[in-house]
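Summary of structural features
So the chains spell out like this:
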Amino acid sequence: MGTTGIPGSTRQTMQSRRVHGEPAGVYHYSRKKRRRKKHWTRIVLFISLCCLLLAGFRFAPFQPFEGLRNLWVTTAMTTLNHQYLATWFFSNDEIQKILDKNKAVDLGNSNPSAINILGAKNDKEIQLIDISQKGFKGYLLKIKDPSRVKVAGTSYLGKRGEKAAEIAKESNAVAVINGGAFSDPEGNGNGGQPRGILISGGKILYKENVSKYDLIGFDRNDKLILGHYSLAQIQKMGIRDAVSFDPFLVVNGKRAITEGDGGWGIAPRTAIGQTKDGTVLMLVIDGRQAGSVGATLKDVQEIMLKYGAYNVANLDGGASSVLYYQQKRVNNPSSPYGERNLPSYFIVK
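Computed from a predicted model, the values in this text were never measured in an experiment. (Residues numbered from 1 in each chain as written. Predicted model: local features only at pLDDT ≥ 70, side-chain atom pairs only at ≥ 80, totals over all residues. Heavy atoms only, no water.)

Looking only at helices and strands, the protein features eight helices and 17 strands. For the protein, the residues scored as buried account for 44% of the 349 residues in total. Restricting the contact set of the protein to residue pairs at least 6 apart, pairs at least 24 apart contribute 70%. Carbon and sulfur atoms provide 53% of the accessible area of the protein, an area that totals close to 18,600 Å². (Helix = DSSP H or I, 4+ residues; strand = E, 2+ residues; numbered from the N terminus. Buried < 20%, exposed > 50% of the residue type's maximum accessible area, 1.4 Å probe, protein only. Contact = heavy atoms within 4.5 Å. Areas by Shrake-Rupley, 256 points an atom, 1.4 Å probe, with all protein chains shown as cover.)

A few words on the nonpolar core. Core analysis: the biggest nonpolar cluster contains 29 residues, and Leu141, Ile143, Val149, Ile216, Ile272, Met282 and Phe346 have the highest contact counts within it. Ile131, Leu140, Leu283 and Val300 belong to the second largest nonpolar core, which has 21 residues in total. (Core = buried A, V, L, I, M, F, W, Y, C linked by side-chain atoms within 4.5 Å.)

The subject of this paragraph is the side chain of aspartate 316. Relative to the helices and strands, aspartate 316 is located in the loop between strand 14 (309-315) and strand 15 (323-325). Although aspartate 316 is buried, it makes no salt bridge; arginine 340 carries the closest opposite charge, 5.3 Å away. (Lys, Arg positive; Asp, Glu negative; His and termini not counted. Salt bridge = Lys/Arg side-chain N within 4 Å of Asp/Glu carboxyl O.)

Our focus in this paragraph is the packing of aromatic side chains. Within the structure shown, the criterion is met by two aromatic pairs. Judged by centre distance (6.3 Å) and plane angle (75 degrees), the rings of phenylalanine 218 and phenylalanine 346 are edge-to-face. Highlighted residues: phenylalanine 218 in strand 7 (residues 213-219) and phenylalanine 346 in strand 17 (residues 344-348), separated in sequence by 128 residues. For the pair phenylalanine 218 and phenylalanine 346, one class covers both residues: buried. (Phe/Tyr/Trp six-rings, centres within 6.5 Å; stacked < 30°, edge-to-face > 60°.)

Let us look at the environment of leucine 281. Structurally, leucine 281 can be placed in strand 13 (residues 280-285). For leucine 281, a relative accessible area of 0% translates into the label buried. For leucine 281 and leucine 141, which are 140 residues apart along the polypeptide, the C-alpha to C-alpha distance reads 5.6 Å. Leave out the neighbours within four places in its chain, and leucine 281 touches Leu140, Leu141, Lys142, Ala271, Ile272, Gly273, Thr275, Met304, Tyr307 and Ala309.

Right, let's talk about the environment of lysine 144 for a bit. Mapped onto the fold, lysine 144 is located in the loop between strand 2 (138-143) and strand 3 (149-153). Given the relative accessible area of 26%, lysine 144 is considered partly exposed. With 130 residues separating them along the chain, lysine 144 and glutamine 274 place their C-alpha atoms 9.8 Å apart.

Turning our eyes to something else, we now look at the pattern of salt bridges. Applying the stated rule across the entire model yields five salt bridges. Put simply, glutamate 208 and arginine 195 hold a salt bridge, and the shortest N to O gap is 2.6 Å. You can see glutamate 208 sitting in the loop between strand 6 (203-207) and strand 7 and its partner arginine 195 sitting in the loop between strand 4 (175-178) and strand 5 (197-200), a full 13 residues away along the chain. The salt bridge partner of arginine 329 is glutamate 339, with a shortest N-O separation of 3.6 Å. You can see arginine 329 sitting in strand 16 (residues 328-329) and its partner glutamate 339 sitting in the loop between strand 16 and strand 17, a full ten residues away along the chain. Residue arginine 329 is classed as partly exposed on the basis of its relative accessible area, which comes to 38%.

Averaged over all residues, the pLDDT of the protein equals 85, while 79% of them reach at least 70. Across residues 1-19, where pLDDT falls below 50, the model places eight contacts with residues more than four positions away in sequence or in other chains. (pLDDT = per-residue confidence, 0-100.)

Counting through the fold element by element, glycine 201 comes out in the loop between strand 5 and strand 6. Sequence spacing of glycine 201 and alanine 242 is 41 residues, and the spatial spacing of their C-alpha atoms is 9.2 Å. Excluding anything up to four places from it in sequence, glycine 201 contacts Arg240 and Asp241.

On to the pairing of strand 13, then. Strand 13 sits mainly inside the fold: six of its six residues count as buried. Residues of strand 13 alternate between two faces, with Val280, Met282 and Val284 on one and Leu281, Leu283 and Ile285 on the opposite face, all of them buried. Across six bridges, the pairing between strand 2 and strand 13 is antiparallel. Residue pairing for strand 13: leucine 141 is matched across the bridge by methionine 282. Pairing geometry for strand 12 (residues 269-275) and strand 13, over six bridges, is antiparallel. Paired with alanine 271 across the two strands is leucine 283, which belongs to strand 13. Linkage of strand 12 to strand 13, two consecutive antiparallel strands, is achieved through a turn of four residues, within which glycine 278 is found at a positive phi near 100 degrees. (Pairing = 2+ DSSP bridges.)

Shown next as structure tokens:
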């Protein structure tokens, strides 16, 4: 070790790295320069990759880009406040083309004669099934006796809606799920104004002035009726309880979604269906939250078919999706403000 405090062998190694005739520090400067060059090369490669992926997402007509593009657009366009996520990247014509390609096909009206209710009357059995899978948490109620399933409307119709717990208490219901469409201007509605038609216990609580209604309801024979009917037809059919919403996902055992995801993206979902033996299926899926992003309409369709549904209708979803069972809320509604006030519910007495 010399007077510098550095062992001689180390000092020789350091000196050997210097080019003869160049001042000290030239080697270190060159090394920093090479590092900077590598750093900028990585940045350029990263930016190029991002541009390539964006171009694929925007224009590529093949998978996985087409599927991601469709899912992005359909999810954004079914939200109230985030449609800009689609309109930033795509024109109105392109968006409409994607929505049309993915939407459920209108299969017409259900055929009630295909439903044969055998031995279900007065059967008190209700099953709560956890149907959670990768991407979402969900719950399915199976009600053997369809006569127990009815529609309840808010007691403050036209003024404000009510929460599921309030409806359950007022109607002495065992189970409650959210129901049909309602007016919600800019997301600031109070849930008191339904859309379409609302029927409870054979009484028309509300009806819009339209020629036909998107009907989801039960007739006097406790069969789930799906279809597009005039008021006169509804009255003639003896509809006892009904709401309005769409689309219908399964009609007379046939899938309405055979291409794409249904055109409504990923979100919280609520649906109602009936099997051929009369069993009623009520489905609620959480979404827009950690651990449960939501489901597509096709997901809902396939789950309901798995459990034997012959007819299935989509109900209001998003922040409205709620399942109340045995005096407690089962799911976790997505609204940061908590459970919503709504005008209509399907209940189980």
